[in-house]
Amino acid sequence: MSLSGPSGGRTGRRTLEFGKTYVVKPKGKHLATIVWLHGLGDNGSSWAQLLDTLPLPNIKWICPTSPSQPLTLFGGFPSNAWFDVSDLSEDAKQDVEGLDSSAAHVLSLLSTEPADVKLGVGGFSMGSALALYSAVCFANGKLGNGDSFSARLDAVVGLSGWLPCAKDLTNKVEGDEAAARASSLPILLCHGKADDVVLFRYGDKSAEKLTSTGFQNLTFKTYDSLGHYTMPQEMDDVCSWITSKLALKDEP
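Residues numbered from 1 in each chain as written. Predicted model: local features only at pLDDT ≥ 70, side-chain atom pairs only at ≥ 80, totals over all residues. Heavy atoms only, no water.

The next point concerns the overall build of the protein chain. For the protein chain, the count of helices and strands is 6 helices and 9 strands. Taking 252 residues into account, the globule formula puts the C-alpha radius of gyration at 18 Å, and the protein chain, at 17 Å, falls close to it. If one aligns the C-alpha atoms of the protein chain with their principal axes, the spans along those axes are about 50 × 40 × 40 Å. Looking at the protein chain as a whole, 53% of its 252 residues are labelled buried. Within the protein chain, counting contacts between residues at least 6 apart in sequence, those at least 24 apart form 79% of the total. (Helix = DSSP H or I, 4+ residues; strand = E, 2+ residues; numbered from the N terminus. Rg over C-alpha atoms; globule rule 2.2 N^0.38 Å. Buried < 20%, exposed > 50% of the residue type's maximum accessible area, 1.4 Å probe, protein only. Contact = heavy atoms within 4.5 Å.)

It is worth spelling out the confidence of the model for the protein chain at this point. Looking at the protein chain, pLDDT values average 90 and 92% of them are 70 or higher. Long-range and interchain partners of residues 1-12, a stretch whose pLDDT sits below 50, account for 35 contacts in this model, where long-range means more than four residues apart. (pLDDT = per-residue confidence, 0-100.)

Take the state of the cysteines next. Here the structure, examined in full by the defined rule, presents 0 disulfides. Not engaged in a disulfide, the cysteine cysteine 137 finds its nearest cysteine sulfur in cysteine 165; these two sulfurs lie 8.4 Å apart. (Disulfide = S-S within 2.5 Å.)

Moving on: helix α5 (residues 200-212). If you check α5, its first and last C-alpha atoms are 18 Å apart, about what 13 residues at 1.5 Å a residue would give, namely 18 Å. Looking only at α5, the buried set comprises Phe200, Tyr202, Gly203, Ser206, Ala207, Lys209 and Leu210. Here the buried face of α5 lies against α3 (126-140), β8 (187-192) and β9 (218-223). (Expected span 1.5 Å × (residues − 1).)

This part takes up a nonpolar patch on the surface. Together, Leu40, Leu73, Phe74 and Phe77 make up a nonpolar patch on the protein surface, roughly 380 Å² of accessible area in all. What makes phenylalanine 74 partly exposed here is its relative accessible area of 40%. (Patch = residues over 30% accessible without salt bridge, like charges linked within 9 Å, V, L, I, M, F, W, Y side chains within 5 Å. Areas by Shrake-Rupley, 256 points an atom, 1.4 Å probe, with all protein chains shown as cover. Salt bridge = Lys/Arg side-chain N within 4 Å of Asp/Glu carboxyl O.)

A complete count under the given rule lists 6 aromatic pairs for this structure. With a centroid separation of 6.2 Å and 65° between ring planes, the pair formed by phenylalanine 83 and tryptophan 162 is classed as edge-to-face. One end of the pair, phenylalanine 83, is in the loop between β5 (78-80) and α2 (96-110); the other, tryptophan 162, is in the loop between β7 (155-159) and α4 (176-184), with 79 residues separating them in the sequence. Each member of the pair, phenylalanine 83 as well as tryptophan 162, is classed as buried. Following the ring pairs from residue to residue traces out a cluster consisting of Trp36, Trp47, Trp61 and Phe124. (Phe/Tyr/Trp six-rings, centres within 6.5 Å; stacked < 30°, edge-to-face > 60°.)

Another point: the nonpolar core. Core analysis: the biggest nonpolar cluster contains 52 residues, and Val156, Trp162, Ile187 and Phe215 have the highest contact counts within it. Elements that contribute at least two residues to this core include exactly β2 (32-37), α2, β6 (118-124), α3, α4, β8 and α5. For this core, the element with the highest residue contribution is α3, accounting for 11 residues. Among residues more than four places away in sequence, those in contact with tryptophan 162 are Phe83, Val85, Leu88, Ser125, Met126, Ser128, Ala129, Leu132, Val198, Tyr202 and Ser206. Listed in part, the 29 residues of the second largest apolar core include Trp36, Val157, Val238 and Ile242. (Core = buried A, V, L, I, M, F, W, Y, C linked by side-chain atoms within 4.5 Å.)

For the rest of this paragraph, the subject is the sheet that holds β8. In space, the 7 strands of this open sheet follow the order β1-β3-β2-β6-β7-β8-β9, with mixed pairing throughout. Strands with a single pairing partner mark the edges of an open sheet, and in this sheet they are β1 (22-24) and β9. Strand-to-strand, the axes of this sheet are offset by a mean angle of 15°, without reference to chain direction. Where β1 lies against strand β3 (residues 59-63), 3 bridges are found, and the strand directions are antiparallel. Note that in β3 the partner of valine 24 across the bridge is tryptophan 61. (Pairing = 2+ DSSP bridges. Axes fitted to C-alpha atoms, helices over the stretch in contact; angles between N-to-C directions.)

Considering the arrangement of structural elements, one finds threonine 33 in strand β2. On the basis of relative accessible area, threonine 33 is assigned to the buried category, the value being 0%. The contacts of threonine 33, once residues within four sequence positions are left out, are Lys60, Ile62, Leu110, Glu113, Val117, Lys118, Leu119 and Gly120.

Right, let's get into α2. The end-to-end C-alpha distance of α2, which contains 15 residues, comes to 21 Å, matching closely the 21 Å that a straight helix rising 1.5 Å per residue would cover. A large share of α2 lies buried, amounting to 11 of its 15 residues. Here α2 has its buried residues at Val96, Gly98, Leu99, Asp100, Ser102, Ala103, His105, Val106, Leu107, Leu109 and Leu110. Elements that come into contact with the buried residues of α2 comprise β2, β3, β6 and α3.

A full pass over the atoms with the stated rule returns 5 salt bridges. Between aspartate 52 and lysine 27 there is a salt bridge whose closest N-O contact spans 2.6 Å. Separated by 25 residues along the polypeptide, aspartate 52 in the loop between α1 (44-51) and β3 and lysine 27 in the loop between β1 and β2 bring together distant segments of the chain. You can call aspartate 52 partly exposed: its relative accessible area is 37%.

Following this line, the structure appears as structure tokens:
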């Protein structure tokens, strides 16, 4: 289960600067920290405002902002993006270098969290794609470039997204330790069947691919009328799932 391969047709990637990070502090006892990743063209602020309203008082939310960079999908026009993308098909060139850079940023955000809190990563759309890429790196213990993925992950959430580098995930996770990390990692994927931006089939295929390669603790929730946005029922499901998987139910 390798993530090595071409890095999206670019050589000599320029240094990209990440934007502002927004933090939502826990309103109760700090039991978990989740890095939440926004979608294409967005920033951390809008999600911080939404996450602050959720009934999850024991969670600290870290909402970074991606770099602004030229996007192949937009003909080179710059946009806030975690990595470059041309299209969502498995045959499209994958910007592994950009994915690694952003996954390393997630690592750095989690690295200073207390040892006794649970750690997670989640996101919407392109942010969901980076969260799923991070999940695979966690299982493998390394980024696509071979650098160590040193953080522990206790939960991964992906809304309206897709799995990057899915074509490279042709085998089961290699090695007993990696297989154990993959099979035990709780993953929640949510996708609307009316999504006209990241089509439902990409979410469905991502869930199937992850499960078949060893990520057995995966829940895939679907919503008939949901487009490329969130809705209260979906966020209620996210809250219930996080509360259950991170054992937050009886905490003040």
